Amino acid sequence: MSSENLPQSPERRESPEQQRRKPRVAVVFGGRSSEHGISVVTAGAVMKAIDRTKYDVLPIGITADGRWALTADEPERMAITDRKVPDVDLLTGSAEGSVVLSVDPGSREVVYTEPGAVPKALGEVDVVFPVLHGPYGEDGTLQGLLELSGVPYVGAGVLASAVGQDKEYMKRVFISYGLPVGPYEVVRPREWDNDPAAARKRIVDFAGEHGWPLFIKPARGGSSMGITKVDDLSGLDAAIEEARRHDPKFLVESLLRGREIECGVLEFEDGPRASVPAEIPPVTAHDFYDFEAKYIDSATGLVPAPLTGEQTAEVQRLAVAAFDAVSCEGLVRADFFLTEDGTFVINEINTLPGFTPISMYPRMWQESGVSYPELVDRLIQAALTRSTGLR
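These figures come from a predicted structure and were not determined experimentally. (Residues numbered from 1 in each chain as written. Predicted model: local features only at pLDDT ≥ 70, side-chain atom pairs only at ≥ 80, totals over all residues. Heavy atoms only, no water.)

Asks: Just to check I follow, could you spell out helix α4 (residues 158-165) for this structure?
Replies: Note: α-helices contain 3.6 residues per turn, so residues at a spacing of three or four share the same orientation. Regarding α4, the residues found buried are A160, S161, V163, G164 and Q165. On its buried side, α4 packs onto α3 (141-149), α5 (167-176) and β16 (344-350). (Buried < 20%, exposed > 50% of the residue type's maximum accessible area, 1.4 Å probe, protein only. Helix = DSSP H or I, 4+ residues; strand = E, 2+ residues; numbered from the N terminus. Contact = heavy atoms within 4.5 Å.)

Right, here's the structure in full:
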C-alpha cells in the first residue's frame, strides 16, 4: 500500500485563540499499579521543571482504584516525607469528582464532572506527559487511550510500551535482534495455577543448572518492587508469593556476577542518542538495588561509570540497539550487567524510567550536558511534533 493510502489522523483546525495560547500539558500520574507512590513523586518533579512561561500545566492524578481526578498544581506536596511516598487521594479536592478525556480524535477537550453538578470544561489538552509506572500506564494501556483520543504524548507507543513492560517478551525481542541476554525462566499464571509442583520443579532444575541465588520477580513490574533474591530452596515459595502479589506471571533469573551499568537513551531530531553510562555500586544496606535503596535511602550511583572508552562505546551502542529493537520513542533507560569476563548482558529497558532529579536517567543526561528542565522540555517538544496513529 502506498503512503498516500495509509489512514491519516483527522485534521484539527485551530482557532485564533488556540493559536495564541500556550500549549497545555496534562501531567498524568498515580495509577493502579504498586508503583503509584513513586509516580506521584516523579510527577511533582516534572511539574516543577516545566517552564511555565512556555506551557500551561494540568495535573491529573489517577487514584489507586482507577478514578481520574483533578489535583492542585502543588508539586511541593508530592515528595517523599518521613520515608513515605504520597498518593493521589491526598491531593484531590473531591472524593467523587472525575476527569474525562474525550475519545473523539477531533477534540482534545477535558471535562470535570461531579455528581449533581454541571460538567465543567477544562479546555483542550495539547500533549500528555505520562509519568505512570507499571501496569495501567506504562504498559501500552494509557497509550492506547491517547491514540484513540488523538492526543500526542511523551514516550513510547502502544507496542513498545507493552513489550517494554513485559520482561518475557522484551527478552524474546532482544534475543531475536542478537542482543546478549542472561539465563531466565518464565512461569505463567496457568502453569502455576494448574500444576505448581511442576512449575516449582522447573525452577529447581534451573537453579541446578545455573546455581543459587536466584531472583524471582514480577514479569510486568518495575521500581524493583516484588523482587526477591533467593539464596536456597527454603526461601523459594515466599519469593514466588511476593512476586505473584504484584503479577500472576513471574520470571526466574540467575545471578549474573559483575557490575550493574545503566545507560539513558533520548530521541533527538537525528535519531536516538545514548548518554554517558552510570554504575550502581553494591548497596551494603540492601541485598540488591531494590525500591528502598532507589527511592527511600537514595543510594548513590556513579555518573559517569568508571569504564574504559571501549566499554563506554559498547554499552552506548547496545542501549541504542535495544531502543531500536523494541521500536521505542522519546526515552529509555537500559540496564546492563558487565560480567566478570568483560561482556555486557542486557537486563531490561524502562520506557518510562524513574524521573525524579535523583533518578539515574536524569542524572546521566545532566552529566551528558542536558539539564533536568531541558530534558523535560525536549520530551514535550518531541511529543508535540509527533502525530498519533500509524507513524
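Asks: Just to check I follow, could you spell out the UniProt feature "active site" (unreviewed entry) in the protein for this structure?
Replies: Those places that UniProt annotates as "active site" (unreviewed entry) correspond, in this numbering, to E35, S223 and S359. Tracing the backbone shows E35 in the loop between β1 (24-30) and α2 (36-49). A relative accessible area of 3% places E35 in the buried class. (UniProt positions renumbered as here; feature names shortened; annotations may be inferred.)

Asks: Sorry if this is basic, but what is going on with the side chain of E253 here?
Replies: As for its position among the elements, E253 is in strand β11 (residues 250-254). Overall, E253 belongs to the buried group, its relative accessible area being 7%. Among the polar contacts made by the side chain of E253, one reaches the side chain of K171 at a distance of 3.0 Å. (Polar contact = N/O pair within 3.5 Å; in protein donor to acceptor, adjacent residues only side chain to side chain.)

Asks: Help me understand the packing of aromatic side chains in this model?
Replies: For any two aromatic rings, the description comes down to two numbers: the centre-to-centre distance and the angle of the planes. Enumeration according to the criterion identifies six aromatic pairs in this entry. Plain terms: the ring middles of F268 and W365 are 5.9 Å apart, the flat faces sit at 50 degrees to each other, and that makes the pair tilted. A residue pair is termed long-range when its members are at least 10 positions apart, and F268 in strand β12 (residues 258-268) and W365 in helix α11 (residues 360-367) qualify at 97 residues. Considering the side-chain rings of F336 and F344, the 6.2 Å spacing of their centres and the 80 degrees angle between planes classify their relative orientation as edge-to-face. Residue F344 is classed as buried on the basis of its relative accessible area, which comes to 7%. Stacked on the ring of Y184, the Lys or Arg K171 has its end atom at 5.5 Å from the ring centre. (Phe/Tyr/Trp six-rings, centres within 6.5 Å; stacked < 30°, edge-to-face > 60°. Lys NZ or Arg CZ within 6 Å of the ring centre and 35° of its normal.)

Asks: How should the domain arrangement of the protein be read in this particular structure?
Replies: A common way to express how large an interface is: the accessible area buried when the components associate. Segmentation of the protein into domains returns domain 1 (22-152), domain 2 (162-179 + 256-383) and domain 3 (182-252). The partner domain 2 presents 23 residues to the 26 residues of domain 1 that form the contact. Carbon and sulfur atoms make up 66% of the surface buried where domain 1 meets domain 2, a total of about 1,900 Å² over both sides. Remark: the boundary between domain 1 and domain 2 carries one salt bridge. Between domain 1 and domain 2 we count five residue pairs in polar contact (both at pLDDT 80 or more) in total. Mapped onto the side of domain 1 that touches domain 2, the elements with two or more residues apiece are α2 and β7 (127-130). Sort the elements by how many residues they give to the side of domain 1 that touches domain 2 and α2 lands first, with six residues. Considering only residue class, the side of domain 1 that touches domain 2 consists of 16 nonpolar, six polar and four charged. (Domains from an automatic or database assignment. Buried area = accessible area lost by both parts, 1.4 Å probe. Salt bridge = Lys/Arg side-chain N within 4 Å of Asp/Glu carboxyl O. Nonpolar A, V, L, I, M, F, W, Y, C, P; charged D, E, K, R; others polar.)

Asks: Please explain the sheet that holds strand β8 (residues 184-187) as it appears in this structure.
Replies: Strand pairing within a sheet occurs via backbone hydrogen bonds; the two strands may be parallel or antiparallel. Strand order in this open sheet of four strands is β8-β11-β9-β10, and the pairing throughout is antiparallel. Looking at which strands have only one partner, the edges of the open sheet turn out to be β8 and β10 (228-230). Ignoring strand direction, the axes of neighbouring strands in this sheet form an average angle of 25 degrees. Bridging between β8 and β11 involves four bridges; their strand directions are antiparallel. Looking at the pairing, V186 lines up with L251 of β11. Relative to the sheet, helix α7 (residues 196-210) contacts β8, β9 (214-218) and β11, its axis offset from that of β8 by approximately 175 degrees. Relative to the sheet, helix α8 (residues 236-246) contacts β9, β10 and β11, its axis offset from that of β9 by approximately 25 degrees. (Pairing = 2+ DSSP bridges. Axes fitted to C-alpha atoms, helices over the stretch in contact; angles between N-to-C directions.)

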